[in-house]
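Overview (structure and organization)
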Amino acid sequence: MNNNNHQLKQTLGLVSVITIVIANVLGSGVYKKIAPMTSELNSSLWVLLAWIVAGLITLFGALSNAEIAGLLSDTGGEFSYYKKIYNKFYSFIYGWTAFTVVQTAAISSLAYVFAQSLNSLLPLPEILTEYSDINLFGIFYPFQNFSVKLTAISAIILLSWINSLGIEFGTKISKFILLFVIVGIGSIIIFGLSSEKALISRAFESNIPHNTVNISTFFSAMLAAFWAYQGWASIGFVGGEIKNPSRNIPKGITIGVISVILIYVLINTVYLSLLPINEIAAITTQTNKIAAIEATKVFWGNGGITFISGLIILTTLGCTHMTILASCRTYYAMARENLFFKPVATLNSKKVPANSLLYQGIWASILVLSGSFDQLTDMVIFAIFIFYASTTYGVIVLRRKMPDVTRPYKVFGYPYIPILFIIFSLGLFINTIITKPREAILGLFLILLGIPMYYWFQKNK
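The text that follows walks through the structure, step by step, so that each part is easy to find. Just so it is clear, the model here is predicted, and its values are computed rather than measured.

What counts, and where the lines are drawn
Residues numbered from 1 in each chain as written. Predicted model: local features only at pLDDT ≥ 70, side-chain atom pairs only at ≥ 80, totals over all residues. Heavy atoms only, no water. Salt bridge = Lys/Arg side-chain N within 4 Å of Asp/Glu carboxyl O. Helix = DSSP H or I, 4+ residues; strand = E, 2+ residues; numbered from the N terminus. Buried < 20%, exposed > 50% of the residue type's maximum accessible area, 1.4 Å probe, protein only. Core = buried A, V, L, I, M, F, W, Y, C linked by side-chain atoms within 4.5 Å. Contact = heavy atoms within 4.5 Å. Phe/Tyr/Trp six-rings, centres within 6.5 Å; stacked < 30°, edge-to-face > 60°. Lys NZ or Arg CZ within 6 Å of the ring centre and 35° of its normal. Axes fitted to C-alpha atoms, helices over the stretch in contact; angles between N-to-C directions. Parallel < 35°, antiparallel > 145°, perpendicular 65-115°, else oblique. Nonpolar A, V, L, I, M, F, W, Y, C, P; charged D, E, K, R; others polar. Expected span 1.5 Å × (residues − 1).

For the structure on display, the rule yields five salt bridges. We note a salt bridge from Lys83 to Glu337, for which the minimum N-O separation is 2.2 Å. You can see Lys83 sitting in helix H5 (residues 78-85) and its partner Glu337 sitting in the loop between helix H12 (291-336) and helix H13 (354-370), a full 254 residues away along the chain. For Lys83, a relative accessible area of 26% gives the class partly exposed. By relative accessible area, which is 22% here, Glu337 ends up partly exposed. For Arg438, the salt bridge identified is with Glu439, shortest N-O distance 3.6 Å. Connected via shared salt-bridge partners are Glu67, Arg399 and Arg407.

Structure (structure tokens):
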């Protein structure tokens, strides 16, 4: 360890920023989340509308975030922004939530889907099945599907080590993986929509049995979609390593998010064109079954299973890799201000916060054992939208606090776009408490645990 050198290197340009944004977003959701959305809505057209509305809301949040990032860019993302917008206490609560709930649970979820996909291609031997009924509070079953969970943990350990070798090395790997992923998804879109078995009109059917669509079910469906869009704000975590960040971060966020919206609408049109709505909904109840695999099997048969399984493995591996790379920078920034465990404030010889990677990897591995994929992702989205709304409100706060400061980027449609996003975030927060109380309560518990931890870190400087 090199404890004396605390300076990160500015080496990332605009292409790298766009790559990090897309690679942090494009993960498991593009393949899996259509099943729970279909289960909620039971209508192809409404599922596509949920993807589009969730994409637009995400874009509103991203544009608002881009103004803040362009003005206050620094390593740590929201942790650094909130010190200037609000205060150090709220900044810490965000960083603590990122560590306990948001970023580590995202890593766990992505690694879990990677392991599921690997299992569908190369069945893993079952391990410790005799302990599968052991549980905590009747909610967490750490030994269920244990071979998949162990594979996920192994992936987290391996990728954490790779990321300790340097950010330039990590970004090059991500660009390489992302190129293959884009080509693979593009192939599914082209061949899927042109297949004789695709009924494109089926993707736009609006028949809704038993009035299943209402505000609550639409919000619940978007909760799943928002997981697929989650990750774009991670670019702020590496703000201190980006060249000309006030220009490149806003541009990178905008280009990246718009690109992902287009990809998601097209690929989900493929799924809905190839599979009946009831078949997609039924996938929700089947362990280790993925909607994208079932859809690709329709037009490519067993060869399609191999292709899509390999693509999911590559995509989730790439997204896990980038989430690990970006997230650990927040805890490093916290530790430098004596608001996290002291060893996390050090850099290794490659100028990488290796101890931060270690702490992050340990907690993410514990979360893999704690719950299912959907439990983890719902908890992530519930927690992160509290802070997305806080950042968006920060646009309004800083316009009043710093009216004369030059802003490299100003959010389009101010103040209406930020206000719409804040109102929507509040609605999502309330709806999740009503419809997903277990995930909401667990998320709130971990967030509020940050209050005594803040005073503990302050006392033990």
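Formed by 130 residues in total, the largest nonpolar core has its most connected members in Tyr31 and Tyr264. Residues in contact with Tyr31, not counting those within four places in the same chain, are Val181, Ile185, Tyr271, Ile290, Ala291, Ala292, Ile308, Leu311, Ile312 and Thr315. Within the second largest apolar cluster, 16 residues are counted, among which are Tyr112, Leu159, Leu357 and Val368.

So, about the packing of aromatic side chains. The final tally for this structure, using the stated rule, is 36 aromatic pairs. Taking the centre distance of 4.9 Å and the plane angle of 50° together, the rings of Phe299 and Trp300 count as tilted. When its relative accessible area of 15% is taken as the criterion, Phe299 is described as buried. Between Phe341 and Tyr359 the ring centres are 5.7 Å apart and the planes differ by 35°, which places this aromatic pair in the tilted class. Here Tyr359 lies in helix H13 and Phe341 lies in the loop between H12 and H13, a separation of 18 residues in the sequence. Take Phe341: its relative accessible area is 28%, and that puts it in the partly exposed class. Ring pairs connect the aromatic residues Phe89, Phe92, Trp96, Phe99, Tyr331, Phe340, Phe341, Tyr359, Tyr454, Tyr455, Trp456 and Phe457, which therefore count as one cluster. One cation-aromatic arrangement involves Arg399 over Tyr414; the distance from NZ or CZ to the ring centre is 3.9 Å.

A word on the environment of Lys351. With respect to the helices, strands and loops of the structure, Lys351 is situated in the loop between H12 and H13. The class for Lys351 is partly exposed, based on a relative accessible area of 28%. Residues Lys351 and Thr19 lie 332 residues apart in sequence; the distance between their C-alpha atoms is 21 Å.

With their axes 8 Å apart at the nearest point, helix H3 (residues 34-41) and helix H9 (residues 215-229) run at an angle of 175° to one another. Taken together, the axes of H3 and H9 are roughly antiparallel relative to one another. Contacts between H3 and H9 involve Pro36, Met37, Glu40 and Leu41 on the former and, on the latter, Thr217, Phe218, Ser220, Ala221, Ala224 and Ala225. Its residues placed into classes, the contact of H3 with H9 shows seven nonpolar, two polar and one charged.

A few words on helix H7 (residues 146-163). Its 18 residues give H7 an end-to-end C-alpha distance of 26 Å, which sits within 8% of 26 Å, the value for a rise of 1.5 Å per residue. The buried fraction of H7 amounts to 13 of the 18 residues, a majority that puts the element mostly inside the structure.

On to the side chain of Ser356. Among the secondary structure elements, Ser356 is positioned in helix H13. Residue class for Ser356 comes out buried when judged on its relative accessible area of 0%. Ignoring sequence-local partners within four residues, the contact set of Ser356 consists of Cys328, Tyr331, Tyr332 and Val344.

To continue, consider the packing of H9 against helix H15 (residues 416-435). Where H9 meets H15, the closest approach of the two axes is 10 Å, and the angle between their N-to-C directions is 100°. On the basis of the axis angle, H9 is roughly perpendicular to H15. On H15, the residues touching Ser216, Phe219, Ser220, Met222, Leu223 and Phe226 of H9 are Phe424, Gly427, Leu428, Asn431, Thr432 and Thr435. Grouping the amino acids of the contact of H9 with H15 by side-chain chemistry returns six nonpolar, six polar and no charged.

Here the focus is unusual backbone geometry. Leaving glycine aside, a negative phi is the common case for residues, and trans is the common case for peptide bonds. That bond from Tyr414 to Pro415 is cis: its omega, 5°, falls within 30 degrees of zero. Residue placement: Pro415 occurs in the loop between helix H14 (373-401) and H15. The phi torsion at Asn42 lies on the positive side, around 55°, for a residue other than glycine. With respect to the helices, strands and loops of the structure, Asn42 is situated in the loop between H3 and helix H4 (44-72). Judged by relative accessible area, Asn42 falls into the partly exposed class, the value being 24%. In this model, Lys351 sits at a positive phi of 60°, which is unusual for a non-glycine residue.

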